[in-house]
Amino acid sequence: MRRRFLGRAGGTVKVVARLSCVSVLTALGVAGLPLEAFAQAGASGLEAPPRGRCTADGSIKLCAAGLFALRFYGADGTLRSLAASLDKEADYLPWRLEGRRQGNGFAHLGDIDFRLKTEGTPRWKDFSSWHAKRPVRVLPAEGNVLRQDEITPSLGAGFPLRVRRVWRLAGQGLVLEFSVANPGRQSVQVGGMGFPLVFGNDFTDETLDEAHKHEVFGHVITQDPRVWIAGLSDEGGAGSYVAAAMKELDNPDPQEVAKLEQFATKTVVGQLQVASGPTEGGVRKSLFYYDPVPFPAYYNAAENWKTWASWSRQKAADIGRAYNYPHVAIVHWVLYRLARNHKGLVQQHDAGWYLHKAAITMTAMMQQAPYYTQYGLMEGDVFVEILKDLKRENLTAEAQTIESLMKKRETVWKGQRYPYGSEMAWDSTGQPEVYAWLRYFGDTAQAEETRDAILAYDPALPSWGYNGNARRYWDFLYAGKIARIERQIHHYGSALNAVPLFSAFQAQSTDFYMLRVAYGGLMGALTNIDPQGFGSAAFHSAPDVMRFDAYSGDYGMGFYGHAIATQVDVVKHPEFGWQAFGGLLHEEGDGSVTITPKDSARSRIFVADAGVFLTLESGKFESIHYNLASQDMDVTLAPAETWTPTARLRGEYPAGAPAHVYGVSPAVPKVRDAWEVPLHTTATVLHLHAMTP
């Protein structure tokens, strides 16, 4: 930011931050927890005064302000505590660390930094209110102003401007406002001005920089009249945690996994999902709801809470919507895979506990929410993966029950002329699960019918926006910040529909058009992620906006599609020769090729000429060398990590009975349909030799 302030009375600029807070996302499962509160151990027990009043407690000024209870530090006027007014233990600032954060060098909410130079001086100078703490001059406060200060003295000697800081209420929001004026005759050029936003993150004992390194959930929407968005269900509310879970599937981080496990065991089981009893496994529609009687001051009065979307507590607790069940099943299934295939990542339960929870979610859906199971469900193809894992674990009874339940659904689709419907006739999100079950049960003709429907609305075009973009118009209404009907660019349907197209291509690997469409949708999901890691629900294509939506909304469903399908596809095109979608390919002099994966997982490689799909449940591919003449391969695996001492490699033949299969040397054991390969501190090389089945 650059400003020039001219003259004795010249120029005032105001910098304003509006603060609002509170969500159920990381609620830690305390019984009776109010819907706008977090639980935090070790928080201060200071009591705030009645709403609308401020009192003093030594050097601390206590104010009750709408949704907040605030604590200002008297000497410098910064905000040291920002608690939910109905639960003083739920603090959004690192109040419980305040004993360590006194004195110079600790920033607080209300501090500010400047970089500036005055007219005629060549060098920039830096000024800060927190590098060296100095007292401020308190100014009178009245009306909606909680506190205001002349903070110029805190910025040190030689600071040429005058800065006033105001804390005030604006409806349900808390506003922090800085007014900057130039009282002198010389112009002042401001090269930088900013204030640190110091929050308590997810209430772990760590620095802000440490938290940002492994942040899982990101910034949280605290309330919206479409209650599911803040309430963790439907696609608009579940997208954040589905994306967080799927990121860990192929790229686990121990600290992120710990957060995911805490979320699963404290927020999902027992709150979002029924933990026990006759409806065990049922998934509620939303943890957030509209009930102004017990919470008269909570809901933003500027919003319209009178539509069907502002569910009551009773409606939010309903477990009859099948679309919510795959979201929860994904969390359990990912934690099962992490516990089963890695060492020490998952701490609170063993792999079997999470796989059982995933299976219970499926059976509960059929018992408690049967109506919508007549349609394909977003991310419903995860159910196929859960069933396969139940079989690999020899959990025969559970596997047979689930397979029988899913067969009933598939039988309905098999008998339909158009077997790919969804809740809305125009949807483009039910087809992937329908296709997956039709393929699983061997109904190829109807699977191909579903595939062709996908290709009818999902094109290959020389345009980032439309290449692999499953047609979608209406989900901004249900999950976007800008709520309207509009062509959505890379809504989650793009990556979801890529999943069956990859499967279809592997079964018919000369259809390069299908591969192009699949890869367009797969990669489109990544373009929604900004440099800070925020994943937008979709891009607004209308010319009056032309930017990504500010809500993540249902983005996680698309990231699920990306994460479960991302792969390298090695093909020999009749016109372009050898190609590697998702990797680098080098042709050797003897006609063999070396492929280096560059996709986001480096755990799946399909070699079309050999008809084999190589997948890793743990470990990473560094490269594959493929000999066209012998069809043998040399597979190089990345070195071990602390939590991944063993790679699990599986070879599958998607086109059906293969002309040859692969053996591995040196010999390694095969466990649950996968070769278990010990990894080392350096790369591990396996030789895969083609042999007669």
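Thresholds, definitions, all that
- Residues numbered from 1 in each chain as written.
- Predicted model: local features only at pLDDT ≥ 70, side-chain atom pairs only at ≥ 80, totals over all residues.
- Heavy atoms only, no water.
- Helix = DSSP H or I, 4+ residues; strand = E, 2+ residues; numbered from the N terminus.
- Expected span 1.5 Å × (residues − 1).
- Bend = angle between axes of the 7 residues up to and from the residue.
- Buried < 20%, exposed > 50% of the residue type's maximum accessible area, 1.4 Å probe, protein only.
- Core = buried A, V, L, I, M, F, W, Y, C linked by side-chain atoms within 4.5 Å.
- Contact = heavy atoms within 4.5 Å.
- Axes fitted to C-alpha atoms, helices over the stretch in contact; angles between N-to-C directions.
- Parallel < 35°, antiparallel > 145°, perpendicular 65-115°, else oblique.
- Left-handed = near helix turned anticlockwise from the far one by under 90°.
- Pairing = 2+ DSSP bridges.

Chemist: Please explain helix H3 (residues 234–250) as it appears in this structure.
Modeler: Residues that lie three or four places apart on an α-helix share one face, since the helix turns once every 3.6 residues. When the terminal C-alpha atoms of H3 are compared, their 25 Å separation across 17 residues agrees well with the 24 Å that a helix rising 1.5 Å per residue should span. At serine 240, H3 shows its maximal bend, which comes to roughly 35°. The element H3 is extensively covered by neighbouring structure, given that 15 of its 17 residues are classed as buried.

Chemist: Can you walk me through the nonpolar core in this structure?
Modeler: Soluble globular proteins tend to pack their nonpolar side chains together in the buried interior. Judged by nonpolar contacts, the single largest core of 98 residues is most densely connected at Tyr241, Met246, Val334, Leu335, Phe383, Ile386 and Met406. The dominant element in this core, judged by the number of residues it contributes, is helix H6 (residues 325–341), at 10 residues. Excluding residues within four positions of it along the chain, isoleucine 386 makes contact with Ala329, Trp333, Leu355, Ala358, Ala359 and Met362. Formed by 29 residues, the second largest nonpolar core is a distinct cluster that contains Ile605, Tyr626, Val635 and Val661.

Chemist: In this structure, what is going on with the packing of H3 against helix H4 (residues 254–268)? I would like to understand it.
Modeler: Packed helix pairs are specified by the crossing angle of their axes together with the interaxial distance, meaning the distance between the axes. The geometry of H3 relative to H4 is characterised by a closest axis approach of 10 Å and an angle of 135° between their N-to-C directions. Looking at the two axes, H3 sits oblique to H4. As for the relative orientation of H3 and H4, their crossing is left-handed in sense. Taking contact as the criterion, the partners of Tyr241, Ala245, Lys247 and Glu248 in H3 are, on H4, Glu256, Val257, Leu260 and Phe263.

Chemist: How do you make sense of the sheet that holds strand E27 (residues 670–671) when you look at a structure like this?
Modeler: Hydrogen bonds between backbone atoms are what pair the strands of a sheet, whose relative direction is either parallel or antiparallel. Taken in spatial order, the 7 strands make up an open sheet running E18-E17-E21-E22-E25-E28-E27, and their pairing is mixed. Each of the sheet's edge strands pairs with one partner strand only, and the pair in question is strand E18 (577–581) and E27. In the sheet, strand E17 (residues 568–573) pairs with E18 via 5 bridges, with the strands oriented antiparallel. From the neighbouring strand, histidine 573 faces E18, where its bridge partner is glycine 577.

Without other data, these values stay purely geometric and don't point to any function.
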